[in-house]
Amino acid sequence: MKLPTNTFKQALAQGRTQIGLWNCLCSNVAADVLGSAGFDWIVIDMEHSANDPMTVLSQLQAYEFGGTTPVVRVPWNEPVIVKRILDLGAFSLLFPMVQNAAEAEAAVASTRYPPHGIRGLALNQRGNRFGRIADYVTTVEQEICVLVQIETTAALSRATEIASVEGVDGVFFGPADLSADMGLLGKANHPDVCAAISDGAAKVRAAGKQAGVLTGNEQQALTWLNEGFGFVACGSDLALLANSADSLLARMKEGLKS
């Protein structure tokens, strides 16, 4: 067997725009529905959802045939959980709250086998199709996509050095935490926050890497895509479900005859 090509990583390297979505429902059924919707990438979130390795596994299985690349956001920049998620067959990881180049280097190292990193070696796991991909250990680095997340003003000031770390494929900006750090708690779409992210993204692009971001605001998503962001998540499954449910109920109530 051959190692599959990471089409998301390939697209970032080639500068092709990638439209994404956030997946927090912790459900393989939801992943099955979303996987064939046509998004380029979808984040399976372990930081702010109830996902654990078993639910991540079931969702990776659901995404396998949908044409969408799953990106797992690990709960922290910590090598043990990274090792387990890679062994489950994830090839694209998002690391939250990366503050500097050293932390970005640590993220990369946790995805690499020695001598290039510290990833523990399991010869039979889902990532290598249970030992059937004979050259997995020597070729997997080519397909692993490492995304690091900037979420504070301190990290934002170091955007160039973070983006310049070898092995980092993209830098993702988190508007919610960044807005809180800027004293604008709960105002992720505030003009100052958006301007700060746009400035950081320009530095990332100047360093030769792709910039990404998440927003629930469709117009803001389009603005960032048209600015040159390489990968933008334009909503979440939770918000889609909640908003659609609220809208349907409101229409039903409005249509009731008194």
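One structure accompanies this document, and this report is about it. None of the values given here were measured: they were computed from a predicted structure.

Conventions used here
- Residues numbered from 1 in each chain as written.
- Predicted model: local features only at pLDDT ≥ 70, side-chain atom pairs only at ≥ 80, totals over all residues.
- Heavy atoms only, no water.
- Phe/Tyr/Trp six-rings, centres within 6.5 Å; stacked < 30°, edge-to-face > 60°.
- Helix = DSSP H or I, 4+ residues; strand = E, 2+ residues; numbered from the N terminus.
- Buried < 20%, exposed > 50% of the residue type's maximum accessible area, 1.4 Å probe, protein only.
- Contact = heavy atoms within 4.5 Å.
- Axes fitted to C-alpha atoms, helices over the stretch in contact; angles between N-to-C directions.
- Parallel < 35°, antiparallel > 145°, perpendicular 65-115°, else oblique.
- Left-handed = near helix turned anticlockwise from the far one by under 90°.
- Nonpolar A, V, L, I, M, F, W, Y, C, P; charged D, E, K, R; others polar.

## Here we look at the packing of aromatic side chains
What the rule picks out here adds up to 8 aromatic pairs. Ring centres of Trp41 and Phe172 lie 6.4 Å apart, and the angle between their planes is 85 degrees; this geometry places the pair in the edge-to-face category. In this pair, Trp41 sits in strand 2 (residues 41-45) while Phe172 sits in strand 6 (residues 170-173), placing the two residues 131 residues apart along the sequence. When sorted by exposure, Trp41 lands in the same class as Phe172, which is buried. Ring centres of Tyr113 and Tyr136 lie 6.5 Å apart, and the angle between their planes is 70 degrees; on these two criteria the pair is classed as edge-to-face. Here Tyr113, found in the loop between helix 5 (101-109) and helix 6 (136-139), pairs with Tyr136, found in helix 6; they are 23 residues apart in sequence, far enough to count as distant. Taking the relative accessible area as the measure of exposure, Tyr113 reaches 6% and is therefore buried.

## Things to note about helix 5
For helix 5, the set of buried residues is Ala101, Ala104, Ala107, Val108 and Ala109. If you follow the buried residues of helix 5, they end up packed against strand 4 (92-95), strand 5 (145-150) and helix 8 (159-163).

## Quick look at the packing of helix 2 (residues 28-35) against helix 3 (residues 53-63)
The geometry of helix 2 relative to helix 3 is characterised by a closest axis approach of 8 Å and an angle of 25 degrees between their N-to-C directions. Here helix 3 runs roughly parallel to helix 2, going by the angle between their axes. Every pair of crossing elements has a handedness; the one defined by helix 2 and helix 3 is right-handed. When helix 2 is examined against helix 3, the residues Asn28, Ala31, Asp32, Leu34 and Gly35 are found in contact with a partner set consisting of Ser58, Gln59, Ala62 and Tyr63. When its residues are assigned to classes, the contact of helix 2 with helix 3 shows 4 nonpolar, 4 polar and 1 charged.

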